[in-house]
Amino acid sequence: MYPSASLCRTQEAYHRDRAAVAELANVRAIATNAAIAWGEEALAAERREARNSRTRMGAAVVALRKREARAERDRLFSENPDRGFESP
C-alpha cells in the first residue's frame with residue numbers, strides 16, 4: 001500500500017517545522033532530509049494518483065461502450081423483428 005499525497009505533504013510539513021525549531025544542528029539536518037524525502041514521495045504519490053484516475057476513467061468508458069454494444073446486439077437479434085422497439 002502506498003501513502004497518499006496528502007499524507008506525504010503532511011509529513012513533509014511536520015519535518016520542516018521540526019527542522020525550523022530544532023536547536024541542534026544534527027536534528028535540523030535529519031529533519032530537513034526527511035522533509036525532502038517526504039516531498040519527493042509526495043510528487044510520486046501525486047503522479048500515481050493521477051495515473052490511477054486516468055485508468056479508472058478509461059475503464060469506465062470501455063465498460064459503457066460494452067454495455068451499449070450489448071444493448072445494440074440485443075436489439076438486432078429480436079424475436080419479433082417486425083415489431084418496433086420500446087424506447088428506454
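None of these values were measured; they are calculated from a predicted model.

Trainee: Help me get a handle on helix α2 (residues 25-76), residues and values and all.
Mentor: If you check α2, its first and last C-alpha atoms are 76 Å apart, about what 52 residues at 1.5 Å a residue would give, namely 76 Å. As for α2, its buried residues are in contact with α1 (5-21).

Trainee: Requested: an account of the environment of W38, with residues and values cited.
Mentor: Inspection of the secondary structure assignment puts W38 in helix α2. Along the chain, W38 and Q11 lie 27 residues apart, while their C-alpha atoms are 6.4 Å from each other. Those residues within four positions of W38 in sequence are excluded, and the remaining contacts are C8, Q11, E12 and H15.

Trainee: Pulling in residues and values, what's your account of the pattern of salt bridges?
Mentor: Within the structure shown, the criterion is met by 4 salt bridges. Notably, a salt bridge pairs R9 with E12, separated by 3.0 Å at the nearest N-O pair. Note that R9 and E12 are positioned in helix α1 at a spacing of 3 residues, about one turn of the helix. For R9, a relative accessible area of 32% puts it in the partly exposed group. In this structure, R16 and E12 form a salt bridge, with 3.3 Å as the shortest nitrogen-oxygen distance. You can see R16 and its partner E12 sitting in helix α1, 4 residues apart, about one turn around the helix. Accessibility expressed as a relative area gives 40% for R16, which makes it partly exposed. Taken together, the shared-partner salt bridges in this structure form one network comprising R9, E12, R16 and E46.

Trainee: So what about a positive patch on the surface? Which residues, and what values?
Mentor: A grouping of K66, R67, R70 and R73 is seen on the molecular surface, where their side chains present a positively charged patch. Along the polypeptide, R73 turns up in helix α2.

Trainee: Residue-level account of α1, with values.
Mentor: With 17 residues, α1 should cover 24 Å at 1.5 Å per step; its first-to-last C-alpha distance of 25 Å lies within 8% of that length. Taken together, the buried positions of α1 are occupied by A5, C8, E12, H15 and A19. Along the axis of α1, the buried positions cluster into a sector of 95°, meaning they face one direction only. Exposed side chains of α1 directed beyond 90 degrees from the buried face belong to S6, T10, D17, A20 and V21. Buried positions along α1 lie against α2.

Trainee: Break down the side chain of R48 for me, with residues and values.
Mentor: Note on placement: R48 falls in helix α2. Ignoring any residue separated from it by four or fewer positions in sequence, one finds R48 in contact with Y2, P3 and E41.

Definitions and limits used
Residues numbered from 1 in each chain as written. Predicted model: local features only at pLDDT ≥ 70, side-chain atom pairs only at ≥ 80, totals over all residues. Heavy atoms only, no water. Helix = DSSP H or I, 4+ residues; strand = E, 2+ residues; numbered from the N terminus. Expected span 1.5 Å × (residues − 1). Contact = heavy atoms within 4.5 Å. Salt bridge = Lys/Arg side-chain N within 4 Å of Asp/Glu carboxyl O. Buried < 20%, exposed > 50% of the residue type's maximum accessible area, 1.4 Å probe, protein only. Patch = residues over 30% accessible without salt bridge, like charges linked within 9 Å, V, L, I, M, F, W, Y side chains within 5 Å. Areas by Shrake-Rupley, 256 points an atom, 1.4 Å probe, with all protein chains shown as cover. Lys, Arg positive; Asp, Glu negative; His and termini not counted. Charge placed at Lys NZ, Arg CZ, Asp CG, Glu CD. Arc of directions from axis to C-beta.

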